[in-house]
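For reference, the chains in residue letters:
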Amino acid sequence: EMIEKLWLGGVDVFRINLSHGSHARHREVAGHIRSLEAKYKCNTAILLDLQGPKLRVGIFKDGAVLLKEGQRFRLDMDEALGDEDRVYLPHPEIFEALKPGTMLLLDDGKVKLRVIECGPDFANTEVVVPGRLSERKGVNVPDVTLPISAMTEKDRKDALFGVEIGVDWIALSFVQKAEDVVELREHIGKGAAKIMAKIEKPSACEDLERVAEEVDAVMVARGDLGVELSPYQVPVVQKRIVSYMRKIGKPVVVATQMLESMISAPTPTRAEANDVANAIYDGADAVMLSAESAAGEFPVEAVEMMESIIREVEASPEYRLRMENSFNSCDTRDVEHAMIPAARKIARDLNAGAIVCLTRRGRIAQKLSQERSTRPVIALSHYRSTARHLLLSWGVFPIDVYTACDHIESSEPSIAEQIVRYADIGFDQVIEIASDVAVKKDLAKPGDFLVVTGWQPGGVPGANILRVVKTPDVAEASKRLH
């Protein structure tokens, strides 16, 4: 019931956090999410968020210690209970990467240590920022790339579980370099699910271009990023990541503490509303709620508030002008996508109601999303998985032909994918489907122009058609379809 309320409130993608819960429970939740598709004849998307490595100190004999500025404190591989002079750190890979001068952040940066002397199984440090340190608190090492995989054995099992239940996206935590993404893709198999890299390490920021080349999308994970960077650096890094992902035409999500106060309050602070709005103005494809909707007292209100902020910003003249002035058009010398800037221009010049995109795997729809047209993009695909993962892309309303054509005699699609080829229903009928969807979803009015582009079998790869049609009367369109 709550999942349905959240979807009705405006959720496009549901995140399942593998840091909590059992596989049985997550399978049940995924089933509830997918059940919306049959009830509402829609598509849903599921993002599986892997936990990633957790680097933590050991246990103190008194539960916690108070570290004073300037004092010496030792981290080592001795499993004895810790005290005010030392504590167990069961991570040899950290010691391997340390050198004198390296900074260590403990308990989300509340305590800061500087390495004075180190070896393969110890580090003698000086307390730079004092504070209370309790057991099993996290350790961050922002200055170096750790010789550690982004996936633990748990993450490997969780990723394959996600593929088994048919999730659309897998978010990889603790990404430090492009090779981390390659490792996950090889583990789950090509085409099993789209991969999103969570940018939460300074090393990933430095390797952003290579990471972005390997992934299908990125998330600006400001929680851990805000620990390893100074708070005043995070907004600058966020804008750089969003700008770069827009430039290359891949989705970018801004996450963490967006409406944090709504965990316990029915309305956000003005600063939080501005934070969400600024991410949208910058061109983010999606903004994400975490604890606000997962554990908060006002989950539906938080979703509805975020939806309202998005709609208010995107309806503003300032936003439209910014998108018009800052869009990064596709290279018209690129045969696969040369039609796309033309479709955008024609839609604007004709004041078309929408752009209709015919796409197999979603690349054409993503290129249209990159153009940031002020007209909505209706993306039709004969792959249900394509329609699902396109829910993350800005301005795209994805429809799989199976869902739109319930008159086609076919077995119920599997949780992973159902194929209905254009040849089964004819190109003209696909256009009728798009017209019907455009009018029924208030994306266009009867008599509006629709600009149609995309891939049609028999032509060159990529967008190989460009047509202008008018939406028929919705009753007439429905009659022809059924």
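Residues numbered from 1 in each chain as written. Predicted model: local features only at pLDDT ≥ 70, side-chain atom pairs only at ≥ 80, totals over all residues. Heavy atoms only, no water.

Attention now moves to the overall build of the chain. Along its length, the chain carries 20 helices and 20 strands. Within the chain, the proportion of its 482 residues that are buried is 54%. In the chain, the proportion of contacts linking residues at least 24 apart, taken out of those at least 6 apart, comes to 66%. (Helix = DSSP H or I, 4+ residues; strand = E, 2+ residues; numbered from the N terminus. Buried < 20%, exposed > 50% of the residue type's maximum accessible area, 1.4 Å probe, protein only. Contact = heavy atoms within 4.5 Å.)

Packing of helix H1 (residues 2-9) against helix H12 (residues 299-314) leaves a shortest axis separation of 8 Å and a crossing angle of 15 degrees. Relative to H12, H1 is oriented roughly parallel. Handedness of the crossing formed by H1 with H12: right-handed. Along its contact with H1, which presents Met2, Lys5, Leu6 and Gly9, the element H12 presents Pro299, Val300, Val303, Glu304 and Glu307. Residue composition of the contact of H1 with H12, grouped by class: five nonpolar, one polar and three charged. (Axes fitted to C-alpha atoms, helices over the stretch in contact; angles between N-to-C directions. Parallel < 35°, antiparallel > 145°, perpendicular 65-115°, else oblique. Left-handed = near helix turned anticlockwise from the far one by under 90°. Nonpolar A, V, L, I, M, F, W, Y, C, P; charged D, E, K, R; others polar.)

Right, let's get into the pattern of salt bridges. Scanning the model with the defined rule gives 31 salt bridges in all. In this structure, the salt-bridge partner of Glu37 is Arg388, at a minimum N-O distance of 2.6 Å. Residue Glu37 is located in helix H2 (residues 23-40), and its partner Arg388 is located in helix H16 (residues 384-389); the two are separated by 351 residues in the primary sequence. The shortest N-O distance in the salt bridge between Arg185 and Asp216 comes to 3.3 Å. Taken together, the positions of Arg185 in helix H5 (residues 178-188) and Asp216 in the loop between helix H7 (208-214) and strand E13 (217-221) put the pair 31 residues apart, joining distant regions of the chain. Connected through salt bridges with shared partners, the residues Arg34, Glu37, Asp168, Arg384, Arg388 and Asp400 form a single ionic network. (Salt bridge = Lys/Arg side-chain N within 4 Å of Asp/Glu carboxyl O.)

Tallied over the full model, the rule gives two aromatic pairs. With a centroid separation of 4.8 Å and 40 degrees between ring planes, the pair formed by Trp7 and Tyr40 is classed as tilted. Pair noted here: Trp7 is in helix H1 and Tyr40 is in helix H2, with a separation of 33 residues, a long-range link. By relative accessible area, Tyr40 is classed as partly exposed at 30%. A cation over a ring is seen here: Arg361 above Tyr383, with NZ or CZ 3.8 Å from the ring centre. (Phe/Tyr/Trp six-rings, centres within 6.5 Å; stacked < 30°, edge-to-face > 60°. Lys NZ or Arg CZ within 6 Å of the ring centre and 35° of its normal.)

Moving on, we come to the nonpolar core. In this structure, Phe73, Leu113, Leu146, Ile170, Leu184, Ile199 and Ile241 are the most contacted members of the largest nonpolar core, which totals 97 residues. Each residue touching Ile170, except ones within four places of it in the same chain, is listed here: Leu47, Leu48, Leu50, Ala159, Val163, Leu184, Ile188, Ala193, Lys194, Ile195 and Met196. Residues Ile399, Ile431, Val437 and Val452 belong to the second largest nonpolar core, which totals 19 residues. (Core = buried A, V, L, I, M, F, W, Y, C linked by side-chain atoms within 4.5 Å.)

As a further point, take the sheet that holds strand E17 (residues 377-381). Spatially, E18-E17-E16-E19-E20 is the arrangement adopted by the five strands of the open sheet, whose pairing is mixed. The strands lining the two open edges of the sheet, one partner per strand, are strand E18 (396-400) and strand E20 (465-470). Looking at each pair of strands side by side, their axes are set apart by 20 degrees on average, direction ignored. Sheet topology note: the strand E16 (residues 354-358)/strand E19 (residues 449-454) ladder contains five bridges and is parallel. (Pairing = 2+ DSSP bridges.)

It is worth spelling out the sheet that holds strand E7 (residues 111-119) at this point. Taken in spatial order, the six strands line up as E5-E4-E8-E7-E6-E10 in an open sheet, and their pairing is mixed. Each edge of the open sheet carries a strand with a single partner, namely strand E5 (86-88) and strand E10 (139-140). Where strand E4 (residues 72-76) meets E5, three bridges bridge the pair, whose relative direction is parallel. By the bridge assignment for E5, Arg74 is matched with Arg86.

The subject of this paragraph is helix H10 (residues 270-282). Look at H10: 18 Å from first C-alpha to last across 13 residues, which is about the 18 Å you get at 1.5 Å a residue. Taken together, the buried positions of H10 are occupied by Glu272, Val276, Ala277, Ala279, Ile280 and Tyr281. (Expected span 1.5 Å × (residues − 1).)

Turning to the environment of Gly101, a few remarks are in order. Structurally, Gly101 can be placed in the loop between helix H3 (92-97) and strand E6 (103-106). Taking C-alpha positions, Gly101 is 5.8 Å from Arg114, a pair spaced 13 residues apart along the chain. If we ignore the near neighbours within four places in the chain, the residues touching Gly101 are Arg114, Val115 and Asp143.

Another aspect to go through is unusual backbone geometry. For Thr256, which is not a glycine, the phi torsion comes out positive at approximately 90 degrees. Counting through the fold element by element, Thr256 comes out in the loop between strand E14 (252-255) and H10. Although it is not a glycine, Asn351 sits at a positive phi angle of roughly 55 degrees. Along the chain, Asn351 falls in the loop between helix H14 (339-349) and E16.

Before going further, it helps to examine H2. The terminal C-alpha atoms of H2, which comprises 18 residues, lie 26 Å apart, in line with the 26 Å expected from a rise of 1.5 Å per residue. Taken as a whole, H2 has its buried residues at His26, Val29, Ala30, Ile33, Arg34, Leu36 and Glu37. The buried residues of H2 all sit within an arc of 130 degrees when viewed along its axis, so they share a single face. Pointing more than 90 degrees away from the buried face of H2 are the exposed residues Ala24, Ala38 and Lys39. Those residues of H2 that are buried are in contact with H1, strand E1 (13-17), strand E2 (45-49), helix H4 (153-165) and H16. (Arc of directions from axis to C-beta.)

Take the pairing of E1 next. Taking every second residue as pointing to the same face, the buried face of E1 carries Phe14 and Ile16, while none of Val13, Arg15 and Asn17 on the other face is buried. With five bridges joining them, E1 and E2 adopt parallel strand pairing. Pairing of Ile16 across the sheet is with Leu48, part of E2. Remark: the E1/H2/E2 crossover connection has right-handed handedness. (Right-handed = clockwise from strand over helix to strand, strands pointing away.)

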